[in-house]
Amino acid sequence: MSGDHDDHHHHHHHHDAEKLLTDIGDVDISARVKALEELLSSKGLIDPKALDAVVDLYENQIGPRNGAQVVARAWADPAYKARLLTDATAAIAELGFTGAQGENMVVVENTAEVHNLVVCTLCSCYPWPVMGLPPVWYKSMPYRTRVVRDPRSVLEEFGTFLPTSMEIRVWDSNSEIRYMILPRRPEGTDGMDESALAALVTRDSMIGVTEAFPPEAA
Amino acid sequence: MNSVHDSGGAHGFGRIIPEGYDGKEPAFKSEWERRMFALFITTIVGGMFTDEDFRQSREKLEPVRYLTRSYYEQWWFAVSRLMVEKGILSAEEYEREIIRLGGAS
Amino acid sequence: MTYGPETMRELIMMGANTKVDPPTRPAEFAVGQSVLTRNINPSTHTRLPRYCRGKRGEIVRVHGMYAYPDRRALGDETTPEYCYSVRFSMRELWGDDAPERDGLFIDMWDSYLLPIAEDAR
């Protein structure tokens, strides 16, 4: 396709799209979603069984228990932790976690001096292979607008009170890179095995809005 | 583009988490959310559009709808716009199908 | 292409990376270098947020070469660029009421950045 006909066609489609969304955008959302599925399926453009497989993958198989395993391994094994902080994509892949929205991973470490947290101000970028799908609050305007400007008030809303002497780092995920926080290992966890350590790691601690649980709270 | 999605630092959006938040919530709140998520994945993996196409399309949602429609409904707007812009679905057939299904509910 | 459930699962596990490896040229900027973000206001897609335009920061990491999103959104995948993690002090972004030591780290492409002299910060 080339030239004037394509440009005219192009503008036409843009205009049609805008008009459609304006005219039909208040019809019940489940009907609108069903319409999309029916049309694409009847044209052979998607396989409904593939849809079922995608739902199952993200509802039942991929989730923050993956990231918890990564964190627990890093707490238990200093050499693994070093690899995780140097080349997170490869280290995470050692545990079998790969794929969509985790192709380029960076893990940053919380310490006694530095506390990190992650956001995507422009949309909802999140490291799916280790964390699953993001919670509603992470994708919503209150978090996306406030955390880059006043992270301490955000932490307090989550019940996380840090000394004012600590340095806070907020990571805005706006590229191909996906960020995960390595929370601090809680006190009193010496000698715990990896699965017990993993049970202390919450989803919210890997976003950075909370710390991991101390052992008695788990 | 300078639309409302780009509001880092804005004031006034209020509380981040609901009262009684327990750190857990399901990935999807309803069947249509499940289907919409899966439709996005199958169409983007199927090569019908890129990540940037999708983000740009979502950013074109007018501010009132962007701020008031739920997350996966915003995805419906974004994917639907692309399906018509790229000539995969015609606006006429899509509208017909929506009315056919929407009228019945 | 229409994929069945097994292929879809495999493709998801493989992911889709725009990284250009090895890169086709050296990076424009280096770790430790001071930079100023451009004041661009495209009507099309960009990943340079308004809160971070015309601000002074420091390169902290060179991620490598990736598709440049502003062009990719216009259908042009021929101009990959280096992507960097850049640190901005919270005071630089929000004023002197912000805590002194806190920072905002965000990824920037070559086209978002201008070099500045060290003492300009």
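Look above for the structure.
Here's what I pulled together on the structure shown here. (Residues numbered from 1 in each chain as written. Chains lettered and ligands numbered in written order. Predicted model: local features only at pLDDT ≥ 70, side-chain atom pairs only at ≥ 80, totals over all residues. Heavy atoms only, no water.)

Time to look at the sheet that holds strand S1 (residues 34-37) of chain C. Spatially, S2(A)-S3(A)-S4(C)-S3(C)-S2(C)-S1(C)-S5(C) is the arrangement adopted by the 7 strands of the open sheet, whose pairing is mixed. At either end of the open sheet lies a strand with only one pairing partner, and these are strand S2 (114-119) of chain A together with strand S5 (113-115) of chain C. Each strand of the sheet is rotated relative to its neighbour by a mean of 35 degrees, with strand direction disregarded. By the bridge criterion, 3 bridges tie S1 of chain C to S5 of chain C in an arrangement that is antiparallel. (Pairing = 2+ DSSP bridges. Helix = DSSP H or I, 4+ residues; strand = E, 2+ residues; numbered from the N terminus. Axes fitted to C-alpha atoms, helices over the stretch in contact; angles between N-to-C directions.)

Two numbers describe a pair of packed helices, the interaxial angle and the distance between the axes. Interhelical geometry of helix H2 (residues 29-42) of chain A versus helix H1 (residues 31-45) of chain B gives an angle of 35 degrees and a closest axis separation of 9 Å. For the crossing formed where H2 of chain A meets H1 of chain B, the hand is left-handed. From H2 of chain A, Ile29, Ser30, Val33, Leu36, Glu37 and Leu40 of chain A reach across to H1 of chain B, where they touch Trp32, Arg35, Met36, Leu39 and Thr43 of chain B. Looking at side-chain class alone, the contact of H2 of chain A with H1 of chain B contains 7 nonpolar, 2 polar and 2 charged residues. (Left-handed = near helix turned anticlockwise from the far one by under 90°. Contact = heavy atoms within 4.5 Å. Nonpolar A, V, L, I, M, F, W, Y, C, P; charged D, E, K, R; others polar.)

Let us now look at the nonpolar core. Counting residues in each nonpolar core, the largest one holds 134 residues, and the members touching the most others are Leu36, Tyr58, Trp137 and Tyr143 of chain A together with Phe37, Trp76 and Tyr94 of chain B. It is helix H4 (residues 71-85) of chain B that contributes the most residues to this core, 10 residues altogether. Sequence-distant contacts of Trp137 of chain A, defined by excluding residues within four places in its chain, comprise Tyr143, Phe158, Arg203, Asp204, Ile207 and Val209 of chain A together with Ile16, Ile17 and Tyr21 of chain B. (Core = buried A, V, L, I, M, F, W, Y, C linked by side-chain atoms within 4.5 Å. Buried < 20%, exposed > 50% of the residue type's maximum accessible area, 1.4 Å probe, protein only.)

At the interface, 64 residues of chain A touch 65 residues of chain B. Carbon and sulfur atoms supply 66% of the area buried between chain A and chain B, which totals about 5,900 Å² over both sides. Run the count over chain A and chain B and you get 8 salt bridges. One salt bridge connects Arg34 of chain B with Glu59 of chain A, and the closest N-O pair in it is separated by 2.8 Å. One can count 26 residue pairs in polar contact (both at pLDDT 80 or more) joining chain A with chain B. Elements with a contribution of two residues or more to the side of chain A that touches chain B: helix H1 (3-24), H2, helix H3 (48-61), helix H8 (136-139), helix H9 (141-146), helix H10 (151-157) and helix H12 (203-207) of chain A. With 12 residues, H2 of chain A is the largest single contributor of residues to the side of chain A that touches chain B. (Buried area = accessible area lost by both parts, 1.4 Å probe. Salt bridge = Lys/Arg side-chain N within 4 Å of Asp/Glu carboxyl O. Polar contact = N/O pair within 3.5 Å; in protein donor to acceptor, adjacent residues only side chain to side chain.)

Our focus in this paragraph is the layout of surface pockets. Volume-wise, the largest pocket comes out at about 990 Å³. In this structure, the largest pocket is lined by 50 residues; those nearest its centre are Pro134, Pro135 and Arg203 of chain A together with Lys24 and Glu25 of chain B. Looking at the lining of the largest pocket, the elements with two or more residues in it are H3, helix H4 (64-76), H8, H9 and H12 of chain A together with helix H3 (63-68) and H4 of chain B. Broken down by element, the residue count for the lining of the largest pocket peaks at 4 residues, all from H3 of chain A. Each pocket or cavity is described by its volume, and for the second largest pocket that value is around 730 Å³. Lining of the second largest pocket is provided by 34 residues; of these, Gln101 of chain A, Phe40, Ile44 and Asp51 of chain B together with Ala16 of chain C occupy positions nearest its centre. Elements with a minimum of two residues in the lining of the second largest pocket: H1, helix H2 (51-59) and H4 of chain B together with helix H1 (5-14) of chain C. A per-class count over the lining of the second largest pocket returns 20 nonpolar, 7 polar and 7 charged. (1 Å grid on protein atoms, 1.4 Å probe; cavity = no way out; pocket = protein on both sides within 12 Å on 5 of 7 lines; lining within 4 Å. Points joined across faces, edges and corners; volume = space filled by probe spheres on them.)

Let's shift gears to the interface of chain C and chain A. On the chain A side, the residues contacting the 35 residues of chain C number 42 residues. Across the chain C to chain A interface the summed buried area is about 3,100 Å²; carbon plus sulfur atoms make up 53%. Considering only the side of chain C, the residues that lose the most area to chain A are Ile12, Arg47 and Phe105 of chain C, jointly responsible for 20% of the buried surface there. At the boundary of chain C with chain A, the tally comes to 2 salt bridges. A salt bridge links Glu167 of chain A to Arg101 of chain C; the nearest nitrogen and oxygen atoms lie 4.0 Å apart. Seen at the junction of chain C and chain A, the total is 23 residue pairs in polar contact (both at pLDDT 80 or more). Elements represented by at least two residues in the side of chain C that touches chain A include exactly H1, strand S2 (56-66), strand S3 (81-89), helix H3 (90-94) and strand S4 (103-109) of chain C. Counted by class, the side of chain C that touches chain A contains 19 nonpolar, 9 polar and 7 charged residues. When strand S3 (residues 167-172) of chain A meets S4 of chain C, the two strands line up parallel, connected through 4 bridges. Its bridge partner lying in S4 of chain C, Asp172 of chain A is registered against Ile106 of chain C.

Summed over all chains, the structure comprises 30 aromatic pairs over all chains. Pairing Tyr138 of chain A with Tyr143 of chain A gives two aromatic rings, centres 5.8 Å apart and planes at 35 degrees, and the pair type is tilted. Summarising the burial analysis for this pair, Tyr138 of chain A and Tyr143 of chain A share the class buried. Connected via pairs of aromatic rings, a cluster forms that spans Tyr58 and Trp128 of chain A together with Phe28, Phe37, Phe40, Phe49, Phe54, Tyr71, Tyr72 and Trp75 of chain B. The positively charged end of Arg32 of chain A is found above the aromatic ring belonging to Trp76 of chain B, 4.7 Å away from the centroid. Above the face of the Tyr80 of chain A ring, Arg73 of chain A is positioned so that its terminal group lies 5.9 Å from the ring centre. (Phe/Tyr/Trp six-rings, centres within 6.5 Å; stacked < 30°, edge-to-face > 60°. Lys NZ or Arg CZ within 6 Å of the ring centre and 35° of its normal.)

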